[in-house]
Amino acid sequence: MAINFYDYVSKYDFVPFAELLNSDDFKVLSKSKTSLISTALKDSYKELSDTKIEFTPESLKKEKVILKFKLQKAHQYASDPDGYLRYKLSTIKGHAFVTNHNKPEVEHDLGIKKYGDIVEIVFSKNLMDTVQFIDFYFKDNSEDWLDLKGSMPDKWEHCGRVSIGAGSACYCNRDFTEEEIKKIVKELRDNTFYNEKSISYYHSDKLFHRNSQTKEEYKTEELPINDRSYKKLTEVLNAVFKKHHIDKCINKVTFLAQMYIETAYFTATIELTHQKKEYEPYRGRGFIQLTHKGNQDKRTLNAVSYLGYKLYSNIDVITTPSKISTSLEISGDSAGWFWEKGVRKFDGSVINLNTKCGKEESEFREVTRLIKGAATEFGERKEAFYALLKIFNYEDCINKK
Ligand SMILES: [Zn+2]
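Note that this is a predicted model, so its numbers are computed, not measured.

Caption draft 1: Up close: the overall build of the protein. Tallying secondary structure elements over the protein gives eleven helices and 14 strands in all. By sequence separation, contacts in the protein at least 24 residues apart represent 65% of the contacts at least 6 residues apart.

Caption draft 2: Main features of the nonpolar core. Of all hydrophobic cores here, the largest spans 55 residues; its most connected members are Val253, Tyr260, Ala384 and Leu388. When contributions to this core are tallied by element, the ones reaching two or more residues are helix H3 (178-190), helix H5 (230-243), helix H6 (249-262), helix H7 (305-313), helix H9 (328-342), helix H10 (361-372) and helix H11 (378-391). The element best represented in this core is H6, accounting for nine residues. With 19 residues, the next largest nonpolar core counts Ala18, Leu20, Val162 and Ile164 among its residues.

Caption draft 3: Expanded view of the environment of threonine 56. Mapped onto the elements of the fold, threonine 56 is located in the loop between strand E4 (47-55) and helix H1 (57-60). Those residues within four positions of threonine 56 in sequence are excluded, and the remaining contacts are Asp25, Phe26 and Lys27.

Caption draft 4: How the structure looks around the packing of H5 against H9. H9 packs onto H5 with a crossing angle of 25° between their chain directions and a minimal axis gap of 9 Å. The pairing of H5 with H9 is recorded here as roughly parallel in orientation. The two elements H5 and H9 cross, and the hand of that crossing is right-handed. Where H5 abuts H9, its residues Lys232, Leu233, Val236, Leu237, Val240 and Lys243 lie against Leu328, Glu329, Gly332, Asp333, Ala335 and Gly336. Looking at side-chain class alone, the contact of H5 with H9 contains six nonpolar, two polar and four charged residues.

Caption draft 5: Structural detail: the confidence of the model for the protein. Mean pLDDT for the protein: 82, with 77% of residues reaching 70 or above. A low-confidence stretch, residues 6-14 stays under pLDDT 50, and its non-local contacts, those more than four residues away or across chains, total 28 contacts. Per-residue pLDDT stays below 50 along residues 93-104; that stretch engages in 15 contacts with residues further than four places along the chain or on separate chains.

Caption draft 6: Spatial organisation of H10. The terminal C-alpha atoms of H10, which comprises twelve residues, lie 16 Å apart, in line with the 16 Å expected from a rise of 1.5 Å per residue. Listed in full, the buried residues belonging to H10 are Phe364, Val367, Thr368 and Ile371. Taken around the axis of H10, the buried residues stretch over an arc of 100°, which confines them to a single face. Buried residues in H10 make contact with H6 and H11.

Caption draft 7: Quick look at unusual backbone geometry. Of note, the amide linkage connecting glutamate 280 to proline 281 takes the cis form, showing an omega dihedral of 0°. If you trace the backbone, proline 281 turns up in the loop between H6 and H7. The phi angle at serine 204 is positive, at roughly 40°, despite the residue not being glycine. Structurally, the position occupied by serine 204 is in the loop between helix H4 (199-203) and H5. With phi around 50°, asparagine 393 is a residue other than glycine that occupies positive phi space. Looking at the secondary structure, you find asparagine 393 in the segment after H11. Looking at asparagine 393, the number of C-beta atoms within 10 Å reads 13, which means it is partly exposed.

Caption draft 8: Local environment of the packing of H7 against H9. Orientation of H7 relative to H9, taken along the N-to-C sense of each, is 100°, at an axis distance of 10 Å. The angle between H7 and H9 falls in the class roughly perpendicular. Contacts between H7 and H9 involve Gly308, Tyr309, Tyr312 and Ser313 from the former and Asp333, Ser334, Trp337, Lys341 and Gly342 from the latter. Partitioned by chemical class, the residues of the contact of H7 with H9 number three nonpolar, four polar and two charged.

Caption draft 9: Layout of H3. For H3, with 13 residues, the first-to-last C-alpha span of 18 Å sits near the 18 Å given by 1.5 Å per residue. If you check which residues of H3 are buried, you get Ile181, Ile184, Val185, Leu188 and Arg189. Along H3, the residues classed as buried sweep out an arc of 120° about the axis, all on the same side. Looking at the buried residues of H3, the elements they touch are strand E12 (197-198), H4, H5, H6 and H11.

Caption draft 10: How the structure looks around the environment of arginine 283. Position of arginine 283 relative to the elements: it lies in the loop between H6 and H7. What makes arginine 283 buried here is the crowd of 22 C-beta atoms within 10 Å. Spatially, the C-alpha atom of arginine 283 lies 6.5 Å from that of glutamate 271, the residues being twelve residues apart in sequence. In contact with arginine 283, other than residues within four places in its own chain, are Ile270, Glu271, Lys277 and Thr291.

Caption draft 11: Spatial organisation of the environment of alanine 268. Counting through the fold element by element, alanine 268 comes out in the loop between H6 and H7. Put simply, alanine 268 and histidine 209 are 59 residues apart on the chain and 6.5 Å apart in space, counted from C-alpha to C-alpha.

Conventions used here
- Residues numbered from 1 in each chain as written.
- Predicted model: local features only at pLDDT ≥ 70, side-chain atom pairs only at ≥ 80, totals over all residues.
- Helix = DSSP H or I, 4+ residues; strand = E, 2+ residues; numbered from the N terminus.
- Contact = placed C-beta atoms within 7 Å.
- Core = buried A, V, L, I, M, F, W, Y, C linked by C-beta atoms within 7 Å.
- Buried ≥ 20, exposed ≤ 12 C-beta atoms within 10 Å, placed from the backbone.
- Axes fitted to C-alpha atoms, helices over the stretch in contact; angles between N-to-C directions.
- Parallel < 35°, antiparallel > 145°, perpendicular 65-115°, else oblique.
- Left-handed = near helix turned anticlockwise from the far one by under 90°.
- Nonpolar A, V, L, I, M, F, W, Y, C, P; charged D, E, K, R; others polar.
- pLDDT = per-residue confidence, 0-100.
- Expected span 1.5 Å × (residues − 1).
- Arc of directions from axis to C-beta.

Written as structure tokens, this is what we have:
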């Protein structure tokens, strides 16, 4: 199936457009249209569409990938036999990527193309990493066509854009791929330490394999084997981030840094200590360890901890706390709820942790304090936070502060 990456909504019938032909080398992240409002009458019926694609992790390893566009008529009864087409490649920062041009933008005039012609744009590895936009321009060559101002069309019309997500784009407002989660977990474990050895040294690439290492009466609260996979972790994180509005890089970095320590480096969904706690059986469970039975504020009806999550989700974690620890989905969702709705001020009102995230140490410390009640044992969280900022290339985030 082909993707129309733009429409030119016209009463006239000779406007060319192009279809991006599907392939296994990329996936489509979004398709949207923008109506161009212009004082010029001829622009009032024009819609520019912006399609966002992302090269797959497999294609990023290839030496080159070809994007194919098929030139079409905008109207099935068009009599005009052909049209001019031009495209321009540009990068986010405008840094050079074509060695012999040394320019931030490169234009290719394709001359006259017949309808049905396939236009191929070859993406070398270098281009896949750096190009942010492909913009298309058309100029019709019909001799009897006058535009609505009564003159011959002589300028190139911008009519569509394809944005490239992967390589150059950050993690804001998009899903992680399984490959990316694997890479994030590996690099985070490689760059955080216990007794001077990396966390990778202790746990290699294993996930959530340690639930049975907790206190005797909770040993059976293990996760099903399917939940201990990168595929499942990717699905759960994407769902939690979407549902609980953890959508910008800095929110994701902050959440993952906290989760990393709370889950003992992504190895457990239950508190691993063997000591008896005064809050048993409501010991820490989930990605950001809900702890304590919790209570409800009489004035605001907001509730914390296990009770708060039960009221929100209708999952009876008060009667059966193990519902959290034995499901990766509920481990994630309970943490997402806590992140957005579970931290309460003294007056009972709620603090959404999404509003507290930032790249400064003081901001990360404050989030830690709101989660733990005190910013104690801050060192290992801070180490994870700074490692993640690097892994995310936070400097390139489109929403960085
Ligand atoms: Zn970002």
